[in-house]
Amino acid sequence: MGYSYDRNNIFAKILRGEIPNETVLETEHSLAFEDVNPQAPVHVLVIPKGAYVSLDHFTQDASDAEIVDYNRTIGEVCKLTGVQPSLGGSGFRAIANTGADGVQEVPHLHVHIIGGRVLGRMLNKA
Ligand code: 5GP
């Protein structure tokens with residue numbers, strides 16, 4: 001089964017400028033913006049501009065240029081938000097929820113960069 005991209009998902013609408021966002025950084029292939037419902041003092045979403053459903057879709061089908069741009073954008077967001085340990089920050093968590101088990105709500109790849117407080121253990125015990 002291939003990937004089926006829903007062009008009406010909320011992040012597609014943000015990319016088309018139909019819904020406003022608080023942009024942190026925009027590059028040729030990527031956009032980083034504040035999560036509307038932040039779970040911590042720092043909560044930024046980083047998305048590719050291309051129509052990719054998930055991290056596995058992106059890392060398999062995106063061009064090298066998109067993949068480099070996306071990863072560099074994530075790195076830049078870590079700097080800009082002050083969470084980067086090598087610059088005096090206290091660290092962060094990068095999360096890409098995927099599919100049903102990952103409880104992905106929006107079917108356009110997004111990496112959450114979350115920090116600014118101690119985040120606790122990675123997963124609750126099932
Ligand atoms: P997921 O559960 O898919 O990994 O995360 C989706 C994230 O998108 C949630 O953290 C949610 O708060 C955020 N979100 C949903 N709708 C909007 C929106 O319209 N604008 C912004 N900035 N974030 C949104």
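Our subject is the structure listed above.
Rules and cut-offs
- Residues numbered from 1 in each chain as written.
- Predicted model: local features only at pLDDT ≥ 70, side-chain atom pairs only at ≥ 80, totals over all residues.
- Heavy atoms only, no water.
- Core = buried A, V, L, I, M, F, W, Y, C linked by side-chain atoms within 4.5 Å.
- Buried < 20%, exposed > 50% of the residue type's maximum accessible area, 1.4 Å probe, protein only.
- Helix = DSSP H or I, 4+ residues; strand = E, 2+ residues; numbered from the N terminus.
- Contact = heavy atoms within 4.5 Å.
- Pairing = 2+ DSSP bridges.
- Polar contact = N/O pair within 3.5 Å; in protein donor to acceptor, adjacent residues only side chain to side chain.
- 1 Å grid on protein atoms, 1.4 Å probe; cavity = no way out; pocket = protein on both sides within 12 Å on 5 of 7 lines; lining within 4 Å.
- Points joined across faces, edges and corners; volume = space filled by probe spheres on them.
- Near = heavy atom within 4 Å.
- Areas by Shrake-Rupley, 256 points an atom, 1.4 Å probe, with all protein chains shown as cover.
- Sits in = over half its atoms within 2 Å of the grid points.
- Nonpolar A, V, L, I, M, F, W, Y, C, P; charged D, E, K, R; others polar.

### Let's talk about the nonpolar core
Thought 1: Counting residues in each nonpolar core, the largest one holds 16 residues, and the members touching the most others are Val46, Tyr70 and Ile113.
Thought 2: Contributions of two or more residues to this core are made by strand 3 (42–48), helix 3 (64–80) and strand 5 (111–115).
Thought 3: With four residues, the top contributor of residues to this core is helix 3.
Thought 4: Those residues in contact with Tyr70 that lie beyond four places of it in its chain are Ser30, Val46, Ile47, Pro48, Phe58, Leu109, His110 and Val111.

### A short note on the pairing of strand 1 (residues 23–26)
Thought 1: Pairing geometry for strand 1 and strand 2 (residues 30–34), over three bridges, is antiparallel. Each bridged residue has a counterpart across the sheet, and for Thr23 the counterpart in strand 2 is Phe33.

### Some words on the side chain of His43
Thought 1: Tracing the backbone through its elements, the reader meets His43 in strand 3.
Thought 2: A polar contact of 2.8 Å, which involves the side chain of His43, links it to the side chain of His112.

### Side note on unusual backbone geometry
Thought 1: One non-glycine residue, Val103, lies in positive phi territory at about 55 degrees.
Thought 2: Tracing the backbone through its elements, the reader meets Val103 in the loop between strand 4 (92–95) and strand 5.
Thought 3: Taking relative accessible area as the criterion, Val103 reaches 58% and is therefore assigned exposed.

### What about the layout of surface pockets?
Thought 1: Size it by volume and the largest pocket reaches roughly 540 Å³.
Thought 2: If you trace the largest pocket, you find 24 residues lining it, with Phe11, Asp35, Val36, Asn37 and Leu45 closest to the centre.
Thought 3: Elements supplying a minimum of two residues to the lining of the largest pocket: helix 1 (10–15), strand 2, strand 3 and strand 5.
Thought 4: For the lining of the largest pocket, the element with the most residues is helix 1, which contributes three residues.

### Let's talk about the site of the ligand
Thought 1: The local shell around the ligand holds 16 residues, among which Asp35, Asn97, Glu105, His110 and His112 are the closest.
Thought 2: One nitrogen or oxygen atom from the main chain of Val36 is found 3.3 Å from a nitrogen atom belonging to the ligand.
Thought 3: Within the side chain of Asn97, one N or O atom sits 2.9 Å away from an oxygen atom of the ligand.
Thought 4: In isolation the ligand offers 520 Å² of accessible surface; the protein chains occlude 84% of this area.
Thought 5: When each cavity is represented as a set of grid points, the ligand is found to reside in the largest pocket.
Thought 6: Listing elements by their share of the shell around the ligand, those giving two or more residues are helix 1 and strand 2.
Thought 7: Here the element with the most residues in the shell around the ligand is helix 1; it accounts for three residues.
Thought 8: Residue classes in the shell around the ligand are distributed as eight nonpolar, five polar and three charged.

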